Amino acid sequence: AATSATPGVQNTTIIVKKGEVFDGKGQRYTAGSALGDGSQKEGQKPIFRIENGGTLKNVVLGYPAADGVHTYGDANLQNIVWEDIGEDAMTIKESGKVTLDGGSATNGDDKMFQINAASTFTVKNFKGSKAGKFIRQLGGSKFKVDVIIDRCDISNMKEAIFRTDSTTSTVKMTNTRYHSVGDKFIGVKHITENGN
Ligand code: DGU
Ligand code: CA
Ligand code: CA
Ligand code: CA
């Protein structure tokens, strides 16, 4: 099944239901004021909500992007471009395996990817620039997150590539170039890079 929506300004969140595929065909989606202004104000709504087993692909999120994309369970994202990150770009709201393959994100004030539930987050073939943190596990949370970064290009992070407060969370980063990323990893006790 396919979910569809007219591109342009959205005043309600587009829901990609369980097992459905949303193909944006490269068109641009932005947040109307009912979703949020893309500032650092918390509580904004996402433009897309992906339910368990949903796929979102070939989408451009333009300015303003409010709270970006929220995932609930397993989610598959392909070729997603955030032209100007809103409060954050994507949030894992419920546990699952989330994979983001291809695309880019830039111009965030704080977090790019926010992880609020135990999960495996794989990001590959992705270019991330100009934000505070590329990935942040919910501050103070102790659940386990496994982060896999492969074939990415990460630059101009004020703080880190991945920051966590959980001693069980892990990161594996391979085939990735980065520069000006602050402390690279903050609080991460289990780090694998290039197989070492
Ligand atoms: O300050 O819960 O930034 O999901 C505490 C908040 C914060 C979250 C997070 C998010 O961690 O709102 O956007
Ligand atoms: Ca936030
Ligand atoms: Ca947020
Ligand atoms: Ca921004």
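Residues numbered from 1 in each chain as written. Chains lettered and ligands numbered in written order. Predicted model: local features only at pLDDT ≥ 70, side-chain atom pairs only at ≥ 80, totals over all residues. Heavy atoms only, no water.

Caption draft 1: Representation of the environment of Ile 149 in the model. Turning to its location among the elements, Ile 149 is positioned in strand β12 (residues 145–150). For the pair Ile 149 and Thr 122, spaced 27 residues apart in sequence, the C-alpha to C-alpha distance is 6.0 Å. With residues near it in sequence (within four places) discarded, Ile 149 still touches Val 123, Phe 134, Ile 135, Ile 154, Ile 161, Val 171, Lys 172, Met 173, Thr 174 and Thr 176. (Helix = DSSP H or I, 4+ residues; strand = E, 2+ residues; numbered from the N terminus. Contact = heavy atoms within 4.5 Å.)

Caption draft 2: Expanded view of the coordination of the calcium ion (ligand 2). Glu 42 (OE), Glu 42 (OE), Glu 87 (OE) and Glu 87 (OE) make up the full set of protein donors to the calcium ion (ligand 2), lying at 2.4 to 2.9 Å. Because the angles between the six donor atoms bound to the calcium ion (ligand 2) fall within 47 to 159 degrees, the donor set is best described as irregular. Between the calcium ion (ligand 2) and the calcium ion (ligand 3) the interatomic distance amounts to 3.6 Å, and Glu 87 serves as a bridging ligand to the pair. Of this pair, Glu 42 sits in the loop between β3 (21–31) and β4 (48–50) while Glu 87 is found in the loop between β7 (75–82) and β8 (90–94), placing the two residues 45 residues apart along the sequence. Judged by relative accessible area, which is 59%, Glu 42 ranks as exposed. (Donors = N, O, S within 2.8 Å, 3.2 Å for Na, K, Ca; no water. Tetrahedral: all angles 85-135°; square planar, octahedral: opposite > 155°, others 65-115°. Buried < 20%, exposed > 50% of the residue type's maximum accessible area, 1.4 Å probe, protein only.)

Caption draft 3: Representation of the pairing of β12 in the model. Of all six residues making up β12, five are buried, and the element is well covered by its neighbours. As judged from the six bridges shared by strand β11 (residues 119–137) and β12, these two strands associate in the parallel manner. Within β12, the position partnered with Val 123 by the bridge is Ile 149. Relative to strand β14 (residues 170–174), β12 runs parallel, the two being bridged by five bridges. Counted as the bridge partner of Val 147 is Val 171 from β14. (Pairing = 2+ DSSP bridges.)

Caption draft 4: Up close: the coordination of the calcium ion (ligand 3). Coordination of the calcium ion (ligand 3) by the protein comes from Asp 67 (OD), Asp 67 (OD), Glu 87 (OE), Asp 88 (OD) and Asp 88 (OD), over a distance range of 2.3 to 3.1 Å. Coordination geometry of the calcium ion (ligand 3): the six donor atoms subtend angles of 45 to 165 degrees at the metal centre, consistent with an arrangement described as irregular. Of note, the donors binding the calcium ion (ligand 3) are all from one chain and are spaced D-x19-E-D.

Caption draft 5: Broad picture of the nonpolar core. If you look at the biggest cluster of nonpolar residues, it comprises 48 residues, and the most contacted ones within it are Trp 82, Phe 113, Phe 134 and Ile 149. In terms of residue count, the dominant contributor to this core is β11 (six residues). (Core = buried A, V, L, I, M, F, W, Y, C linked by side-chain atoms within 4.5 Å.)

Caption draft 6: Structural view of the side chain of Asp 88. Relative to the assigned elements, Asp 88 resides in the loop between β7 and β8. At a separation of 3.4 Å, a polar atom in the side chain of Asp 88 contacts the side chain of Thr 91. Contacts of Asp 88, omitting those with residues within four sequence positions, involve Ala 66, Asp 67, Gly 68, Lys 111, Met 112 and Gln 114. (Polar contact = N/O pair within 3.5 Å; in protein donor to acceptor, adjacent residues only side chain to side chain.)

Caption draft 7: Examining the site of ligand 1 more closely. The full set of residues close to ligand 1 is Glu 42, Glu 87, Asp 88, Lys 111, Gln 114, Asn 116 and Leu 138. Here an oxygen atom of ligand 1 and a side-chain polar atom of Asp 88 are 3.1 Å apart. Here an oxygen atom of ligand 1 sits 3.0 Å away from a polar atom, N or O, in the side chain of Lys 111. Protein contact buries 58% of the 330 Å² of open area that ligand 1 shows by itself. Grouping the amino acids of the shell around ligand 1 by side-chain chemistry returns one nonpolar, two polar and four charged. (Near = heavy atom within 4 Å. Areas by Shrake-Rupley, 256 points an atom, 1.4 Å probe, with all protein chains shown as cover. Nonpolar A, V, L, I, M, F, W, Y, C, P; charged D, E, K, R; others polar.)

Caption draft 8: Examining the pairing of strand β13 (residues 153–163) more closely. Looking at chain direction, β11 and β13 are connected through seven bridges and run parallel. Looking at β13, one finds that Ile 135 is bridged to Phe 162. As defined by bridge partners, β13 adjoins strand β15 (residues 177–179) across three bridges and the pair is classed as parallel. Note on β15: the bridge partner recorded for Ile 154 is Tyr 178.

Caption draft 9: Just the environment of Glu 51, in detail. With respect to the element layout, Glu 51 can be found in the loop between β4 and β5 (54–61). Considering only alpha carbons, one finds Glu 51 and Thr 106, 55 residues apart in sequence, at a separation of 25 Å.

Caption draft 10: Structural detail: unusual backbone geometry. Cis rather than trans, the peptide bond between Tyr 63 and Pro 64 has omega equal to -5 degrees. If you trace the backbone, Pro 64 turns up in the loop between β5 and β6 (69–72). Of note, Asn 58 is a non-glycine position whose phi angle comes to about 55 degrees, a positive value. By the secondary structure assignment, Asn 58 is in strand β5.

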